[in-house]
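Fold and geometry: a report
Listed here are the chains, written in short residue letters.
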Amino acid sequence: MNKSDSERIAAGLEKRGYQPALSAKQADLIVVNMCSVRQSAVDRVFGMPMKLKGIKAKKVLTGCILKKDRKNLEKIFDEIWDKKDLFLKQYHRLVRSTVSYVPISDGCNNFCAYCVVPFARGRLICRPYQAILKEICRLVKNGAKEIWLLGQNVNDYQSGAINFTELIKMVNDISGEFKFFFMSPNPKNFSNELINTLAGCKKFGRYLNLPVQSGDDAILKKMKRNYTIKQYQNLVKKIRKKMPDINLSTDVIVGFPGETVKQFQNTVKLFKKINFDIAYISKYSSRPGTIASKLKDGVPSEEKKRRRNILSKLTKHG
Ligand code: SF4
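A brief report on the enclosed structure follows. Every value quoted in this text rests on a predicted model; they were computed, and no experiment measured them. (Residues numbered from 1 in each chain as written. Predicted model: local features only at pLDDT ≥ 70, side-chain atom pairs only at ≥ 80, totals over all residues. Heavy atoms only, no water.)

1. Some details on the packing of aromatic side chains
Rules: Here is the rule: rings of Phe, Tyr and Trp (six-membered ring for Trp) pair when centre to centre is within 6.5 Å. Planes less than 30 degrees apart are stacked, more than 60 are edge-to-face, and the remainder are tilted. Per-residue accessibility, obtained with a 1.4 Å probe over protein chains only, is compared with the maximum for each type, and a residue is labelled buried under 20%, exposed over 50%, and partly exposed between these values.
One pass over the structure, following the stated rule, counts ten aromatic pairs. Plain terms: the ring middles of Phe-271 and Phe-276 are 5.1 Å apart, the flat faces sit at 65° to each other, and that makes the pair edge-to-face. Under the relative-accessibility criterion, Phe-271 is labelled buried at 0%. Taking relative accessible area as the criterion, Phe-276 reaches 0% and is therefore assigned buried. A connected cluster of aromatic rings, assembled from ring pairs, spans Phe-164, Phe-180, Phe-182 and Phe-204.

The following block contains the structure:
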């Protein structure tokens, strides 16, 4: 999502006559697109004054900025651009590669206990489907071969009467040689209708990221994910039955507050059962404002590392 936002910012600036600079020293303007999902990313932005020492360019910050950080960041950057303005402005991007990212929504109405997105990016807003289709048509005409539909909770999409399944059908009907993908759906909203539609879409790229986050029901409940492992496994079963050639990846968090060794073993069991192609494994880190930030982050960092290493060996592609 941030990569796509950065592309939109770059294209918007190019439309206003800016050219990419070869180095920070030669630049007139530096735009930093911040992500607040992990503390390590936030720390990198706070470390920027050291990096940008002696650079004369105007320094602008945009992206996911938490309220509590804003005041201090205002002291570091010359200007802060609102993320929402960037999303709503329909910057026409230039196709620089055959892979193009098309945001269809931004923000999220779910409040998963560990996640800062609803605070950093706000509530769900969806782009009108006509604008999305128009953008994809243009990208395909300009040579795009892979279209990625992006949203924090992509299958919550709704534009008037058009839901995510309807949008998928319309994307599939766009003429031209391309494949489409999307990120990231929430398993709790993944309907049978969506599975059947995807199975019938020739242009769907047969890759699905289906974040599970934990293999233990008690932890999922604490995470406020609103599905059980049985429901998740049934969903995977249905998807694989309809699309046997699907490549499946997942996101998982190890060391969520209170996660015992036994509960982690349930995630190990799930990994062995499902045999994901790829897994994006994060060590839990507390994010301000979230429900989980009030819980004791009791799993030591070394143990989180150990759990991450175990899971990373249990996927087809490491
Ligand atoms: S659905 Fe995704 S983006 Fe929304 S709160 Fe949960 S983890 Fe965050």
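After presenting the structure, the write-up continues.
2. Thoughts on the pairing of strand E7 (residues 146-150)
The side chains of a regular strand alternate between the sheet's two faces. To be explicit about the condition: Starting at the N terminus, helices and strands are each numbered in turn, a helix being any DSSP run of H or I of at least four residues and a strand any DSSP run of E of at least two. Paired strands, in this sense, are two strands between which DSSP finds at least two bridges.
Of all five residues that make up E7, four are buried, and the element is covered over most of its length. Examined bridge by bridge, strand E4 (residues 99-103) and E7 share five bridges and lie parallel to one another. When the sheet's bridge partners are listed, Val-99 is paired in E7 with Glu-146.

3. Details of the nonpolar core
Most often, soluble globular proteins have nonpolar side chains that are buried together. The test is simple: Only buried residues count toward a nonpolar core, which is a set of Ala, Val, Leu, Ile, Met, Phe, Trp, Tyr and Cys residues joined through side-chain atoms within 4.5 Å. By the convention used here, residues are in contact when the closest approach between their heavy atoms is within 4.5 Å.
If you look at the biggest cluster of nonpolar residues, it comprises 63 residues, and the most contacted ones within it are Ile-147, Phe-182 and Phe-190. Every residue in contact with Phe-190, bar those within four places of it in the chain, is listed here: Asn-155, Phe-182, Pro-185, Ile-195, Leu-198, Leu-208, Leu-210, Leu-235 and Ile-239. Ranked by size, the runner-up nonpolar core spans 15 residues in total, among them Ile-30, Val-32, Ala-57 and Leu-73.

4. So, the pattern of salt bridges
The criterion, for reference: Any carboxyl oxygen of Asp or Glu within 4 Å of a side-chain nitrogen of Lys or Arg constitutes a salt bridge here.
Taken as a whole and judged by the stated rule, the model has eleven salt bridges. Across the pair Glu-259 and Arg-307 runs a salt bridge whose closest N-O atoms are separated by 2.8 Å. Of the two residues, Glu-259 is situated in the loop between strand E12 (247-254) and helix H12 (261-274) and Arg-307 in helix H13 (residues 301-312); the sequence distance between them amounts to 48 residues. Arg-307 gets classed as buried once you look at its relative accessible area, which sits at 3%. The network of salt bridges with common partners includes Glu-259, Glu-303, Arg-306 and Arg-307.

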